[in-house]
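Secondary and tertiary structure notes
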Amino acid sequence: MKKYSALMLTMVLALALVVSSCQTTSNSSAVIKTDEERKDFQSAEAMGTEFVISTQGRASSKAAEEMFAQGGNIIDATVAASFAVGVERPQSTGIGGGGFLLYHEAKTGKTYAIDFRERAPLRASKDMYLVNGKADENLSQNGATAVAVPGMVAGLIEIQKRFGSLPLKTVMAPSIRLAEEGFAIYEDFHAAMVDRVAELRKDPSARKIFLDAKGQVPPVGTVLVQKDLAKTLRKISEQGRDGFYKGSVAKSIIDYSKKKKGYISEKDLQSYEVKWREPVRGTFHGYEVFSMPPPSSGGVHVVQFLNFLEKDSLSKYGMHSTEAIHLAASALQASFADRAKYLGDPDFVEVPVKGLISPKYIEARRAEVKMDHARKAKEVQAGNPLPYESNQTTHISVMDNRGNAVSTTQTINGWMGASVVAPGTGIVLNNEMDDFSAQEGASNLFGAIGGKPNAIAPKKTPLSSMSPTILIKDKLPRMAVGAPGGTKIISCVAQTILNYVEFKTSLYDAVAAVRYHHQWQPDVLYIDPPGPRPEVLQGLKDLGYEVKIESVPCHVMAVAREGDKLRGVADPRDIGISLAK
Ligand code: GLY
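The structure contained in this document is the topic of the report that follows. (Residues numbered from 1 in each chain as written. Predicted model: local features only at pLDDT ≥ 70, side-chain atom pairs only at ≥ 80, totals over all residues. Heavy atoms only, no water.)

Let us now look at the state of the cysteines. Applying the stated criterion across every chain yields a total of 1 disulfide. Covalent S-S linkage joins C492 and C554, the inter-sulfur distance amounting to 1.8 Å. Remark: C554 occurs in the loop between β20 (547-549) and β21 (557-562) and C492 occurs in helix α19 (residues 488-502); sequence separation between them is 62 residues. A single burial state applies to C492 and to C554, both of which are buried. (Disulfide = S-S within 2.5 Å. Helix = DSSP H or I, 4+ residues; strand = E, 2+ residues; numbered from the N terminus. Buried < 20%, exposed > 50% of the residue type's maximum accessible area, 1.4 Å probe, protein only.)

Okay, structure coming up:
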């Protein structure tokens, strides 16, 4: 598995600072802000009565705020932030990628789950990444061969057309401005480029945009202008979906792909379809939980995690007690074993969602866990949900006082995606093909074990962990939450809900608290530095866990309705901000 080492180092340093102050509700001003310029205007937490926005970027939150100020609705705000965040975080997301969006519409009381994730090209095949019988991660992670058919533009435009109220040109104006005027390179972005510099150097278009004349990553604070991207965004704002999937932008992607032995064809772009899916639904302590269904594994496992722990009432043990972490880690182990065996694109394979989230099934999985010892990976197998069956990413959370809520996670997969740019377009292309199982049992960029249901096939959607989630009570959305972070997304989203609902922390503390992650394989319990109290750490080791104090680097964006107040928290580990009115 490729390690994003420079970024990890930054995160560890940052988290050491965060964690030392995360037990109290406080402003995040002392955290990560080595970039002095950003420190002044950054606020991780915001509260208002009309709307609240949490995103991973200052300009992105501002873009959403601008739409509300112009009389736009929550969807105008979300779509504006989505286009802007692709400019502001080209290392994590953008129009070369895709995403999922959950929308709770007050008017109808409906919660929509919209899938605009990348799809495998028509010329993709099960063994396309095998070299001498072994999965070659270079082919699925770097360059033209790694690129899946982008869905971001189709998705955002379809959502905007159906639910938005402002013209597309108005909604896209902030992102075009940001690309034209530029922004100062910040620490996280810098670290991601340093990590991917060798790949960026190989691609002349990526090199021209992101590196200096000597092929080095420019220092933090350098203003990055993305002129080609601005032109592409303008074209989309004028022509809609056709500005991306047809004409000169499409031609550049297709020609590039052909030249570099990639797989994307004209037919792939023209036939891209957004899918409207039924959300996964569960309950937790009186809340209805709505989350993303397959082809994300996220929603299923967030519901599994919460229900696995509901009857244990973990608050009696304490938030970061040995018992609470042991049970939560056991829930994650069980979920990730199920993930490898059962989860995939439901348009291609039967995913037993109903069984996987059935309370009786989850009860049986909980009964396998003993309080006196941790289970080794080989002791944990996928369960059998069938009898219960009758039949490097970003996140934006927004809520308004009309009872609407949006939770959307968007991505180009790894840092800088495939580290290539379609010439003349400024579009960083995704490496989402790596989210498929290149080979049964092989692990991907996030160490997730590949199972048969997630094998590659033409037009199939790679399995995701993205978990945009909305909690509803008495017909009103109470929380919208999500995060970037590969497989760790599931742990981070589920724990944020657990902290807020079960442990009754403030929203800020729910987001900022030390997190842990277990994904069955590798058989390791990761805990954010500086780790739990020494006696808890020893308790977990005594139970048999291999504990690694290593950051669980997903940056949670959460908004919540508290009485008639709307509160937002952008993870203080990151540069993102919350804005509210
Ligand atoms: N690309 C990360 C995920 O979808 O889980």
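Continuing now.
Bringing the pairing of strand β22 (residues 565-570) into the picture now. Where strand β1 (residues 45-48) and β22 come together, 4 bridges link them in antiparallel fashion. Counted as the bridge partner of G48 is L566 from β22. Judged from the 6 bridges that link them, β21 and β22 form a sheet pairing that is antiparallel. In the strand pairing of β22, V559 is matched with G568. (Pairing = 2+ DSSP bridges.)

When two helices pack together, their arrangement is given by the angle between the helix axes and by the axis-to-axis distance. In the contact formed by helix α3 (residues 58-69) and helix α7 (residues 168-181), the axes pass within 9 Å of each other and the chain directions differ by 150°. One way to sum up the angle between α3 and α7 is to call them roughly antiparallel. Taken as a pair, α3 and α7 cross one another with a handedness that is right-handed. Two secondary-structure elements touch here, α3 through A59, A63, E66 and M67 and α7 through T170, V171, P174, R177 and L178. Here the residues of the contact of α3 with α7 sort into 6 nonpolar, 1 polar and 2 charged. (Axes fitted to C-alpha atoms, helices over the stretch in contact; angles between N-to-C directions. Parallel < 35°, antiparallel > 145°, perpendicular 65-115°, else oblique. Left-handed = near helix turned anticlockwise from the far one by under 90°. Contact = heavy atoms within 4.5 Å. Nonpolar A, V, L, I, M, F, W, Y, C, P; charged D, E, K, R; others polar.)

Everything listed here is a matter of geometry and, on its own, says nothing about what the molecule does.
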